[in-house]
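Residue strings, one per chain:
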Amino acid sequence: MARKKLIAANWKMYKTPDEAKAFFAEFLPLVAAHTRDEIAIFPSPVLLPTVIDAAKGSKISVGAQNIHFADEGAYTGETSIGQLKAIGGTHTLIGHSERRQYFAETDEIVNKKLHAALKHCIVPIVCIGEVLEEREAGKTAEVLKKQVTGAFAGITPEAAAPIVIAYEPVWAIGTGKTATPEMAAEAHAIVRAEVAKILGAPVANAMRILYGGSVKPDNASALLNQAEIDGALVGGASLKADSFKAIVTY
Ligand code: PEP
């Protein structure tokens, strides 16, 4: 069965509530008739209620950029999955490279968050990817396999259906450098083979693997037309309604 593509916007730490509302006022009419792909938006936590409200009645899903793995507790500054769910959030990013790089998120933490998201029926997008030194040292496959194995520890094939993976080469995030469609497809094939080893071929074949890293309107179609690329995680180019629309409708 064909995998429906998912085009996701990571707004990082940008926009005020008024700016988020203005984005939706412009973006919703542009994609109102678009049913080919799923669309999801990941705003910063303070914007979640505004964005969930703005997306009501549309097919756009809204998720968190980060969640804590505990149900609740003394974790100052964190957001629980229950809190996200209570306000209508349905998705979460897990292990974005900026979380790994600046907030010391490890494969073990990613694994705990993945278990928590699945337990609460929140769609997890698990982000993986190599840094430049690892690619240049020929270690891309090794790094991706380690990240997949670490993230998926203890996950059963029965529970894995909602999981989405985002392959984001770290050297391509926010740099304007993009993996070529062939490089991305090759990495996706490595990731899918590793998922097949852990969870079996049927689960691996059904799992969506998105590409992220400087996806822009002018390279979206070459990337998204690769059979192995099941969507995109878009940072910078998702902040403006017209450029995100151009990517969604590649
Ligand atoms: C991202 O934030 O996941 C990302 C891919 O950013 P950008 O598109 O700006 O490279």
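Everything in this summary refers to the structure shown in the same document. Bear in mind that the values here come from a model prediction, so they are computed numbers and not experimental data.

1. Some words on the packing of aromatic side chains
Taken as a whole and judged by the stated rule, the model has six aromatic pairs. Centroid distance Trp11 to Phe23: 4.9 Å. Interplanar angle 75 degrees. Geometry classified as edge-to-face. Pair noted here: Trp11 is in the loop between β1 (6–10) and α1 (17–31) and Phe23 is in helix α1, with a separation of 12 residues, a long-range link. Its relative accessible area of 3% is what places Phe23 among the buried residues.

2. Describing the pairing of strand β7 (residues 208–212)
For β7, the tally of buried residues reaches five of five residues, placing the bulk of the element in the interior. Both faces of β7 are covered, namely the face carrying Arg208, Leu210 and Gly212 and the face carrying Ile209 and Tyr211. By the bridge criterion, four bridges tie strand β6 (residues 164–167) to β7 in an arrangement that is parallel. The partner of Val164 across the bridge, within β7, is Arg208.

3. Thoughts on helix α11 (residues 241–248)
Restricting attention to buried positions, one finds in α11 the residues Ala241, Ser243, Phe244, Ile247 and Val248. Close packing links the buried residues of α11 with β1, α1, β2 (38–42), α10 (217–224) and β8 (231–234).

4. Section: the packing of α1 against α11
Close contact between α1 and α11 brings their axes to 9 Å; oriented N to C, the two are set at 30 degrees. Taken together, the axes of α1 and α11 are roughly parallel relative to one another. As α1 runs across α11, the sense of the crossing is right-handed. Note on element contacts: α11 touches α1 through Ala241, Asp242, Phe244, Lys245 and Val248, opposite Phe23, Glu26, Phe27, Leu30 and Val31. Here the residues of the contact of α1 with α11 sort into seven nonpolar, no polar and three charged.

Basis of the calculations
Residues numbered from 1 in each chain as written. Predicted model: local features only at pLDDT ≥ 70, side-chain atom pairs only at ≥ 80, totals over all residues. Heavy atoms only, no water. Phe/Tyr/Trp six-rings, centres within 6.5 Å; stacked < 30°, edge-to-face > 60°. Helix = DSSP H or I, 4+ residues; strand = E, 2+ residues; numbered from the N terminus. Buried < 20%, exposed > 50% of the residue type's maximum accessible area, 1.4 Å probe, protein only. Pairing = 2+ DSSP bridges. Contact = heavy atoms within 4.5 Å. Axes fitted to C-alpha atoms, helices over the stretch in contact; angles between N-to-C directions. Parallel < 35°, antiparallel > 145°, perpendicular 65-115°, else oblique. Left-handed = near helix turned anticlockwise from the far one by under 90°. Nonpolar A, V, L, I, M, F, W, Y, C, P; charged D, E, K, R; others polar.

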